[in-house]
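What the coordinates show
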Amino acid sequence: MFIRKSFLFIGLFIALGLIFALHTYNSPPHPAREGKPLKVVASFTILKDFCEKITKGLPHIKIWAIVPPEADPHSYQPTPLDSKILSKADVIFINGLNFEKNVEKMIQSSGFGGKVYKVTGGVKTRPDLSDPHTWHDVQNAILYVKNIRDAFIKEDPDHRSIYQENGGDLIQILEQLDLWVKKTVQKVPLEKRVVVTTHDAFWYFGKAYDIQFLSPVGITTEAEASAKDVATLIDFIRDHNIKAIFVENLASPRLIEQIARETGRSLKGTLYADSLSASGGPAPHYASMIKHNVQTICKALIE
Ligand code: ZN
């Protein structure tokens, strides 16, 4: 009996040894981050979406968005929890270009000791104004993805091949999306492509896809429209028989509702400008946001 038990133990020992040896053999050569989470903060939802897709399948990556879905990154006030999470993070991704100003302030005040990656590196910016809404041109979003992919490779080189593969898949999806937007917009005659929306968030979108955007407020939702600007816009809508008037998911609809009322127009839906929707909404991802905006705009323009 004693001998049999010993054999059982020796057998178990050999089996465990074999499992351990096989595991070691299969592990990457420099397991620097093995078992250690990489804590990632994204300033707003669109960057979080790109981070999630690039790191898909890697359980050691933890991603937190400071500005939540449906909240306004221009004016968002970070909470004590945001500051606590940021202080323990390894990296933060920001848009920059004066977009998420309070988040940038928090980077200084939270005691964050990690690396700041600005995703707009290499993007050609609007010449006349400091306009941060560069992501609405899908080609710019592709640059964001390349910058985020390269940052992950730099921070976590052991998983380079996964970042390259996921990044490549996402770039391919965005290239197809860009073509789809061009094809869809081209079905609308050029002279009909004039849109009125709450704030000046769609300059890059308009430039990339040949649509003219007008808005009573400037590039930040915090700006106030002057009575003169509003009157000029109302005259323009009447003179040019513009019917495509939209509200946005964040900016206050009050002014645009007033303009629609005074010009006898009806509002044609909600565009997603600066934040994604929550998961049950029409724009929970970057690609679904672009599709939703294009479909909503084009439907109103050909009516
Ligand atoms: Zn904005």
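Residues numbered from 1 in each chain as written. Predicted model: local features only at pLDDT ≥ 70, side-chain atom pairs only at ≥ 80, totals over all residues. Heavy atoms only, no water.

Describing the overall build of the chain
If you tally the helices and strands in the chain, you get 10 helices and eight strands. Counting all 303 residues of the chain, 45% fall into the buried class. Long-range pairs, those at least 24 residues apart, make up 67% of the contacts in the chain between residues at least 6 apart in sequence. Just so you have it, the chain exposes about 15900 Å², and 58% of that area is on carbon and sulfur atoms. (Helix = DSSP H or I, 4+ residues; strand = E, 2+ residues; numbered from the N terminus. Buried < 20%, exposed > 50% of the residue type's maximum accessible area, 1.4 Å probe, protein only. Contact = heavy atoms within 4.5 Å. Areas by Shrake-Rupley, 256 points an atom, 1.4 Å probe, with all protein chains shown as cover.)

Some words on the pattern of salt bridges
Here the structure, examined in full by the defined rule, presents nine salt bridges. The partner of Asp128 in a salt bridge is Arg126, and the shortest N-O contact between them spans 2.9 Å. By relative accessible area, Arg126 is classed as buried at 9%. Note that Arg126 is salt-bridged to Asp200, the shortest N-O span being 3.3 Å. With Arg126 in the loop between strand E4 (115–118) and helix H5 (138–155) and Asp200 in the loop between strand E5 (194–196) and helix H7 (203–209), this residue pair connects regions lying 74 residues apart in the sequence. The exposure class of Asp200 is buried, given its relative accessible area of 16%. Within the structure, one salt-bridge network assembled from shared partners comprises Arg126, Asp128, Asp131 and Asp200. (Salt bridge = Lys/Arg side-chain N within 4 Å of Asp/Glu carboxyl O.)

So, the packing of helix H2 (residues 45–54) against H5
Running from amino to carboxyl end, H2 crosses H5 at an angle of 55°, the nearest separation of the two axes being 10 Å. Between H2 and H5, the interaxial angle falls into the category oblique. As for the relative orientation of H2 and H5, their crossing is right-handed in sense. On H5, the residues touching Leu47, Phe50, Cys51 and Ile54 of H2 are Ala141, Tyr144, Val145, Ile148, Arg149 and Phe152. (Axes fitted to C-alpha atoms, helices over the stretch in contact; angles between N-to-C directions. Parallel < 35°, antiparallel > 145°, perpendicular 65-115°, else oblique. Left-handed = near helix turned anticlockwise from the far one by under 90°.)

Concerning the pairing of E4
Looking at chain direction, strand E3 (residues 91–94) and E4 are connected through four bridges and run parallel. Each residue of the ladder has a partner; that of Val91, found in E4, is Lys115. What joins E3 to E4 is helix H4 (residues 101–109), and the crossover it makes is right-handed. (Pairing = 2+ DSSP bridges. Right-handed = clockwise from strand over helix to strand, strands pointing away.)

With respect to the sheet that holds strand E1 (residues 38–42)
The strand order across the open sheet formed by four strands is E2-E1-E3-E4, and the pairing between neighbours is parallel. Since the sheet does not close on itself, it has two edges, and those belong to strand E2 (61–65) and E4, each with one partner. Looking at each pair of strands side by side, their axes are set apart by 20° on average, direction ignored. Examined bridge by bridge, E1 and E3 share three bridges and lie parallel to one another. Paired with Val41 across the strands is Ile92, a residue of E3. H2 contacts E1, E2 and E3 of the sheet and is inclined by roughly 170° relative to E2.

What to know about the packing of aromatic side chains
By the definition in use, this model includes 13 aromatic pairs. Ring centres of Phe93 and Phe152 lie 5.5 Å apart, and the angle between their planes is 40°; this geometry places the pair in the tilted category. With a gap of 59 residues between them, Phe93 in strand E3 and Phe152 in helix H5 connect regions that are remote in the sequence. Classification of Phe152 as buried rests on a relative accessible area of 1%. Relative to Trp135, the ring of Phe99 lies with its centre 5.0 Å away and its plane at 55°, an arrangement referred to as tilted. In this pair, Phe99 is assigned in the loop between E3 and H4 and Trp135 in the loop between E4 and H5, connecting sequence segments 36 residues apart. Classification of Phe99 as buried rests on a relative accessible area of 0%. Exposure remark for Trp135: the relative accessible area of 0% places this residue in the buried category. (Phe/Tyr/Trp six-rings, centres within 6.5 Å; stacked < 30°, edge-to-face > 60°.)

Notes on the side chain of Thr55
Its place among the elements puts Thr55 in the loop between H2 and E2. In terms of polar contacts, Thr55 uses its side chain to reach the backbone carbonyl oxygen of Cys51, at 2.8 Å. Each residue touching Thr55, except ones within four places of it in the same chain, is listed here: Ile61, Ile63, Phe152, Tyr163 and Asn166. (Polar contact = N/O pair within 3.5 Å; in protein donor to acceptor, adjacent residues only side chain to side chain.)

Details of the side chain of His136
For His136, the position within the fold is in the loop between E4 and H5. Of the polar contacts made by the side chain of His136, one reaches the backbone oxygen of Ala273; its length is 2.7 Å. When near neighbours in sequence (up to four residues on either side) are disregarded, His136 contacts Ala201, Phe202, Phe205, Tyr209, Tyr272, Ala273, Tyr286, Met289, Ile290 and Asn293.

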